[in-house]
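Here's the letter readout for the chains.
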There are 4 protein chains.
Amino acid sequence: MISEEFDIANPTQTDEYLTYYKRIRKDTEDLASPLAIEDYMIQAMTNASPTKWHLGHTSWFFEAFILKKFSDLQKTQGLITEPYTPQNEKYNYLFNSYYQDVGTPWPRHQRGNVSRPTVQEVYGFREYIDSFMLNVLDSNLRDDNVEVLTILGGNHEQQHQELILTDIKYNLSINPLYPVYKKTDTLQPGPTEIPDLEFVPFDSGVIEIGHTTPGCFAFDNEMPIKKVYLEKYKLANRLVTNGEFLQFINAGGYRDHRYWLSEGWDKVRTEGWSSPMHWHNIDGTWHNYTLSGLKRLDLNEPVTHVSYFEADAYAKWSGKRLPTEGEWEHAVRTLGITPENGNFRESGLLHTRAVTFEDIEQQKVAQLYGDVWEWTASSYLPYPGFNVLAEGISEYNGKFMSSQFVLRGGSCVTPVDHIRPSYRNFWHPDTQFQFSGIRLAE
Amino acid sequence: MISEEFDIANPTQTDEYLTYYKRIRKDTEDLASPLAIEDYMIQAMTNASPTKWHLGHTSWFFEAFILKKFSDLQKTQGLITEPYTPQNEKYNYLFNSYYQDVGTPWPRHQRGNVSRPTVQEVYGFREYIDSFMLNVLDSNLRDDNVEVLTILGGNHEQQHQELILTDIKYNLSINPLYPVYKKTDTLQPGPTEIPDLEFVPFDSGVIEIGHTTPGCFAFDNEMPIKKVYLEKYKLANRLVTNGEFLQFINAGGYRDHRYWLSEGWDKVRTEGWSSPMHWHNIDGTWHNYTLSGLKRLDLNEPVTHVSYFEADAYAKWSGKRLPTEGEWEHAVRTLGITPENGNFRESGLLHTRAVTFEDIEQQKVAQLYGDVWEWTASSYLPYPGFNVLAEGISEYNGKFMSSQFVLRGGSCVTPVDHIRPSYRNFWHPDTQFQFSGIRLAE
Amino acid sequence: MISEEFDIANPTQTDEYLTYYKRIRKDTEDLASPLAIEDYMIQAMTNASPTKWHLGHTSWFFEAFILKKFSDLQKTQGLITEPYTPQNEKYNYLFNSYYQDVGTPWPRHQRGNVSRPTVQEVYGFREYIDSFMLNVLDSNLRDDNVEVLTILGGNHEQQHQELILTDIKYNLSINPLYPVYKKTDTLQPGPTEIPDLEFVPFDSGVIEIGHTTPGCFAFDNEMPIKKVYLEKYKLANRLVTNGEFLQFINAGGYRDHRYWLSEGWDKVRTEGWSSPMHWHNIDGTWHNYTLSGLKRLDLNEPVTHVSYFEADAYAKWSGKRLPTEGEWEHAVRTLGITPENGNFRESGLLHTRAVTFEDIEQQKVAQLYGDVWEWTASSYLPYPGFNVLAEGISEYNGKFMSSQFVLRGGSCVTPVDHIRPSYRNFWHPDTQFQFSGIRLAE
Amino acid sequence: MISEEFDIANPTQTDEYLTYYKRIRKDTEDLASPLAIEDYMIQAMTNASPTKWHLGHTSWFFEAFILKKFSDLQKTQGLITEPYTPQNEKYNYLFNSYYQDVGTPWPRHQRGNVSRPTVQEVYGFREYIDSFMLNVLDSNLRDDNVEVLTILGGNHEQQHQELILTDIKYNLSINPLYPVYKKTDTLQPGPTEIPDLEFVPFDSGVIEIGHTTPGCFAFDNEMPIKKVYLEKYKLANRLVTNGEFLQFINAGGYRDHRYWLSEGWDKVRTEGWSSPMHWHNIDGTWHNYTLSGLKRLDLNEPVTHVSYFEADAYAKWSGKRLPTEGEWEHAVRTLGITPENGNFRESGLLHTRAVTFEDIEQQKVAQLYGDVWEWTASSYLPYPGFNVLAEGISEYNGKFMSSQFVLRGGSCVTPVDHIRPSYRNFWHPDTQFQFSGIRLAE
């Protein structure tokens, strides 16, 4: 992504666009392929949408923001003779997520209660969209706007690829049969010993964060470049492990209000939190539910499915703190670490992986990319001079800039070509169902 | 059912039991057959269970109350060598509805969030149960208890057959695509003219209601026979029609608190009620959603999908009242009306049917059976001397005897051999999703 | 009240009306007199209105239904020269309870959040109303309608007198300081021994219930006379005691679903019910909170502050049942028992009283009147031929006829001249804060 | 406060401590003095505590953190012979706000439902505390810890003084009688013309914010000093006025989702927001409810009672943005503006005041202090190196550092000696009931 040669995430030629579009679209369908029809339907909480909906929504995105939008324009310009016709007008209602500009979206919590279109019909809708999109991309209908929006649509679809995996994990997890999404190598034991936790120092000064690579895609919320003053700080050389987090649990961490933010403590009490999400203590032995089913908890793997509140409580308990997003990004840039070596979706594990001595030797600060999204102590707010995307697509990111925290680095279910140093993920501080974990700082 | 010859609902011989059991089980599956896999999954409100769950639950019923229960006993008696083994122990959790005696039931509102077992696996579970049940019924494992519980299980399954239809109607109805469950003859227009509403008089006196036919099945809540003193009363010769109910709407009935019970008026305001459920005013023309899809409202058909609150408000507005269950049952018995001529599920319409002059000529008081369940002004309470069913199955009916009203007569989705003069259906007064309608009295 | 001589509850002469009106109004203020200003304000749950509101509402009743209503009429007739002018137009909003006809009522749950008018201003409002009312009653402005509505207003105010006591009991009870409303003789120990529970038989047949005394006041819901067929039954000779109910608790009654109606069991679990309301187990000793403060539980006193669900569960556990309202009223009429000997508000205890051997000797079935409202197994429904009160006041009773159960006999906080054989109280089956108790039948 | 001479907010000598303590305590009671007893009791929403509770809580603070805490220590040291005895042990429950360390607090939403202790008893509790506190301050019981905690307690009480006013404003405001807290000069018309909105430029660079005055009190959340990099920015020369905000309303600002953060738009729809809190459109004329009662809206006064969501939406609509807390503090420090000239509680208005040409001439950027708290675009997060207060009092500020935004500058109900350049107020972004307003930046 940051190389100068051809970059699969940033096409420039027609054949590159075609390849790019097809690849993204196929990846989505590959992720859905292990599922039974019934699995496509479930939505066990409002935040965890059905796979079927993701398949439809990511197609609707191209319809709403490219095919419909430029259709009239292209007709006027004589590029086409008939404007684009939606396969079904009601899909604009059913598959709209939150774009008020495009119309009232179908209620979010009702996504799982819609049996029609069927899964097969949704795949048909995908094909319908693809045929038009490929036609547009392979013709002089493709202008700058289309190019920009196609790449945006691709990145949007990659975000939903990750959501397909986190959502289906949650949706299957509430089933007492603990269904398996797909057997992976997850169950192979990791290293029996891992490196000690150490803190790597960084200097103070004014640094820059944000998107810095012209010609490469980035979301609006990564721009413009922001100058930040950092005090001297230290960053942990690896993520917090399950074993370390278990010590927090065993020390009564979930029962002692002093470690918790007030809103977090409310959650602990009203929701009865006593461990990370997906942990199960079965006859005294800790297990966690994974996309490969229930497995014995590996103490050396990084802890995941913790909320910001849990991450912050753990940090307080251990006498440390969480890093800011500036500290995280500065470390990545200073150390010159690239995503390629991270444990991303492409590893096929779809699960966290214990750090090795080798990782730390090579990278000094290991696991910055992949495995788990790292909660930062930074609120999700605009960078100075922030501009939302153009009219129509302006609701993409900006309107969520309240009450959320930034996470960095991508996880084991993020596609590797979707991440970069400036990438900002964001979730409410009580969110547990994402692959989110803990990096300490001091 | 009340004839003296062989009665399909009340077997006595082995072959009759086998026929009975197979028929009931097949009926259930026939009802599910028009559905897509996706349709089996949906639960758009807590009260409207997924079809898949109904298929599993009605099978679990035989497992929990016959196969498991008598297995140990039969082993002791040397009738079998191995006790019954459940196909999956967790089905006892997932498919239990409300039987606390049998264990904690899976949360009702979560029935639609369980993708596994798949639909196919549930059919496999049905076959598994059937093979054991047929074996039991066809052998000297069948004793009195098994016979009683088999008939109970059959009647239980028929109740769920009706629920499959009412629930799927609701679950499909919220979809803006208005999916069709099955095309029927519903769309054929009924008679253009129907008889005037008239009121047929009945004498006062002490009468008897309740189950009176020895050897025939009835639920515990229909027994023992109850003596009731009735004042002189009159019963409407037919049900209230859509056209008549539309006059109530047009007269502002939904906006005038004076016609409403206090709890009903709260519903009108908080839920925004302004017509029966499933009515849609599209560009000024009233339609209603049916199992055959959206159709133009037929003004001559009986109004349905009204709550007790709406039925009572309509009655008050028209200067009449709803009959008591004693009045209803006395009329049926006095007039000697039998279910056979009613519009039940077997008609294939799965929808209401307008009354004809001939109906009234033949029956004096028409539509007492079939078409819609008739709200009565009677609370659902035990008859004097009521005893719940035996230990184990005692939770079947008795524990619901608070805050509900009795409905009588069966509807267009009730199997005809499931109904009888003493049959008591019951729902909370705000229930709209059942095929419930209005018979006036004075 | 059922004597032929002058009846304080049923005036006929001018001086009787003046006496009646003044007595009722003074009683209300006497009940409020032990309270601090702060106590007048509290509303710890929606159902328990502040005393200040009761004082205002009972005055508003005369304004809304007499003073305002007949003012114009009286002006036309030349009886007055100026129509009645409200002291404050907004009181019609603030002090309306649920009369939609009179305007939108101030939200019920907000009654405690209104500091103005102050308590003193509300007493001023009472005086204002009284001066007009006394003028009307003492003049030829008083016609039949005014007479009927004055008596209704008096009975209405007596209902609120009882509510002032039950509501302030609840409102004070949640305070960890256990404030005392008024020290009474409650703490004197009752008899150390009480009569055995025995069941007194009654014959079967058609009997009559309802209001039967011409010239005496009764609510619309007690009329017209209703014929009921009763099977032979037996009624307990006294109420269930705290000691007996404690056995139910100790036997695990609150943990065994088999005794509970389904909706009751939901309450037990979601609200954590484990004893009657106002019971406190302090270091192993049972106490109950009373209007005289916290006291040690007297095992011989009748149990009170139980819901219908608890009463019904207790009855099931003891192998008995609750009586119907027909059975209760028939017993009272057959035995010729009158309210005079009951433990009503006039006893000054404001608390239950243990039954004595003498009570039972004299009355055969003791405690039918007073001490606690007795839950019956009858739903609150209209009698055949029921007519609501005249236009304007028609919302008084009829609109609550769904989902509630009838209670009979009055309690230790009911004024004795407010009760009669046909009196029907009604509450939802989960209500605990009333002085409600248990009479068994079989 | 930032002068070198004697500072009323930062005592050092015994007599200064006594003066300080007495002044703070008296101020609180002066604020309560216009209220009727009934007014002390009301809590119309969970967030708006009753005045009576504030009076008790601010006294409890001294009991819990000084009198109880050092009592044993002082006894050991021979400074006292008897340890401090609480007046009532249960006040530790009733008057604890959120200090888990000190015990479970009485439920926040129930503060208005506790009539005892009465108002008079609470004043008695205040006297009781005062007698002990004055004794401690005037003796060698006063050590460094006591001094620090006394000043903290004083500042704590000043925060509650402001809350007494904002809470009582809300609590009275829901009353349709629009009660007057106290007649002030508010109703005098302001200037008929005010200066144009202009933007004053500031340079970029690394600046410092946070508490910088040794020997003066500041909260933990203002420390340590934080270095911030600021881009060049401009700050509006005055606050946004009612008239300007009315243009936003009239332009449909509350109906156009594009100006709103997603969570704000949810509030607009679910709560029906259509103007700032306390605005009433009466027959086409805008009024606002003030502590002096309802008055006609003055278009020149700064808009107040707007949430962050409304402030941000207004800023977006006007093509501007809100300043960060760094920008705000830098402007104050650069311009050398001090609180003294602001419209604080001491002005006696208890209401906003229109800016004058003179204000702007003198200050360049006017109204930075007083009138309204200014929403900043900064989340409420710790400064690098933040340490919570000592054990016991550690819950004061730190645990609220999630999901809130910082406000700066104090308001017309803040005591002037309570504010300083580094003072950070914080509220959730949906908060309207505070005196919060809008300063634009670009």
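This report concerns the structure included in the present document. This is a predicted model, so every value here is computed, not measured.

Within chain A, the secondary structure is distributed over ten helices and eleven strands. The C-alpha atoms of chain A give 22 Å as radius of gyration, which agrees with the globular expectation for 442 residues (22 Å, within 12%). Taken along the three principal axes of its C-alpha coordinates, chain A extends 70 × 50 × 40 Å. For chain A, the proportion of its 442 residues judged to be buried stands at 64%. Pairs at least 24 apart in sequence give 79% of the contacts found in chain A among residues at least 6 apart. For chain A, the accessible surface area stands at approximately 16500 Å², while carbon and sulfur atoms represent 49% of it. Between the mean site of the 40 positive side-chain charges and the mean site of the 59 negative ones, chain A shows a separation of 4 Å.

Looking now at the interface of chain A and chain B. Often, the extent of an interface is quoted as the loss of accessible area upon association of its parts. At the junction of the two partners, chain A supplies 31 residues and chain B supplies 31 residues. Interface area, chain A with chain B, both sides summed: about 2500 Å², of which 60% is carbon and sulfur. Taken together, chain A and chain B are joined by two salt bridges. In this assembly, chain A and chain B are joined by ten residue pairs in polar contact (both at pLDDT 80 or more). Residue composition of the side of chain A that touches chain B, by class: 17 nonpolar, ten polar and four charged.

Once chain A has been moved 0.1 Å along the axis and rotated by 180°, it coincides with chain B to within an RMSD of 0.0 Å. Taken together, the rotation angle and the small translation identify this as a two-fold axis. Measuring from the rotation axis to each C-alpha of chain A, the shortest distance belongs to A:Glu38, at 3.1 Å. When the interface residues of chain A are mapped onto chain B, 100% of them again lie at the interface, so the same face is used by both copies.

Attention shifts here to helix α5 (residues 144–173) of chain C. Residue and element names in this part refer to chain C. With 30 residues, α5 extends 43 Å from end C-alpha to end C-alpha; this agrees with the ideal 44 Å at 1.5 Å per step. With 26 of its 30 residues buried, α5 lies for the most part within the structure. Taking the backbone nitrogen of Asn 145 as reference, a side-chain oxygen 3.2 Å away marks Asp 143 as the first, capping residue of α5.

A word on the interface of chain A and chain D. Counting residues at the interface gives 32 residues for chain A and 32 residues for chain D. Carbon and sulfur atoms supply 52% of the area buried between chain A and chain D, which totals about 2500 Å² over both sides. Between chain A and chain D we count zero salt bridges in total. Run the count over chain A and chain D and you get eleven residue pairs in polar contact (both at pLDDT 80 or more).

Another aspect to go through is the environment of D:Met45. Residue and element names in this part refer to chain D. Its place among the elements puts Met 45 in the loop between α1 (14–32) and α2 (51–76). On the basis of relative accessible area, Met 45 is assigned to the partly exposed category, the value being 23%. Put simply, Met 45 and Lys 295 are 250 residues apart on the chain and 23 Å apart in space, counted from C-alpha to C-alpha. Dropping the residues within four chain positions of it, Met 45 is found in contact with Tyr 170, Asn 171 and Phe 433.

Next up on the list: the pairing of strand β9 (residues 405–408) of chain D. All names here are of chain D. Residues Phe 405 and Leu 407 of β9 are buried on one face, and the alternating residues Val 406 and Arg 408, pointing to the opposite face, are buried as well. Examined bridge by bridge, β9 and strand β10 (residues 425–427) share three bridges and lie antiparallel to one another. Across the sheet, the residue bridging to Phe 405 is Trp 427, located in β10.

Residues and elements named next belong to chain A. The tally for this structure, following the rule as stated, stands at 104 salt bridges over all chains. The salt bridge involving Glu 374 is made with Arg 439; its shortest N-O contact spans 3.0 Å. Remark: Arg 439 occurs in the segment after β11 (436–437) and Glu 374 occurs in strand β8 (residues 373–379); sequence separation between them is 65 residues. The class for Glu 374 is buried, based on a relative accessible area of 1%.

Further remarks concern unusual backbone geometry. Of note, the amide linkage connecting B:Met223 to B:Pro224 takes the cis form, showing an omega dihedral of -10°. For C:His305, which is not glycine, the phi dihedral falls at a positive 60°.

So, on to the side chain of B:Arg116. Relative to the helices and strands, B:Arg116 is located in the loop between α3 (91–94) and α4 (119–137). The exposure class assigned to B:Arg116 is buried, which follows from its relative accessible area of 18%. In this structure the side chain of B:Arg116 is engaged in a polar contact, spanning 2.4 Å, whose partner is the side chain of A:Asp39. Those residues in contact with B:Arg116 that sit more than four places away from it in its chain are A:Ala36, A:Asp39, A:Asn175, A:Leu177, A:Pro179, A:Val180, B:Lys52 and B:Leu94.

Once that is clear, we can look at the sheet that holds strand β7 (residues 293–296) of chain A. All names here are of chain A. Strands sit in the order β5-β6-β7 across an open sheet of three strands; the sheet is antiparallel. Sheet topology places β5 (279–282) and β7 at the edges, where each strand pairs with a single neighbour. Taking each pair of neighbouring strands and ignoring which way they run, the sheet shows an average axis angle of 35°. Strand direction decides the pairing type here: strand β6 (residues 285–290) and β7, joined by four bridges, are antiparallel. Bridge pairing links Thr 290 to Gly 293 in β7.

Parameters at a glance
Residues numbered from 1 in each chain as written. Chains lettered and ligands numbered in written order. Predicted model: local features only at pLDDT ≥ 70, side-chain atom pairs only at ≥ 80, totals over all residues. Heavy atoms only, no water. Helix = DSSP H or I, 4+ residues; strand = E, 2+ residues; numbered from the N terminus. Rg over C-alpha atoms; globule rule 2.2 N^0.38 Å. Buried < 20%, exposed > 50% of the residue type's maximum accessible area, 1.4 Å probe, protein only. Contact = heavy atoms within 4.5 Å. Areas by Shrake-Rupley, 256 points an atom, 1.4 Å probe, with all protein chains shown as cover. Lys, Arg positive; Asp, Glu negative; His and termini not counted. Charge placed at Lys NZ, Arg CZ, Asp CG, Glu CD. Buried area = accessible area lost by both parts, 1.4 Å probe. Salt bridge = Lys/Arg side-chain N within 4 Å of Asp/Glu carboxyl O. Polar contact = N/O pair within 3.5 Å; in protein donor to acceptor, adjacent residues only side chain to side chain. Nonpolar A, V, L, I, M, F, W, Y, C, P; charged D, E, K, R; others polar. Least-squares fit on C-alpha atoms with pLDDT ≥ 70 in both. Expected span 1.5 Å × (residues − 1). Pairing = 2+ DSSP bridges. Axes fitted to C-alpha atoms, helices over the stretch in contact; angles between N-to-C directions.

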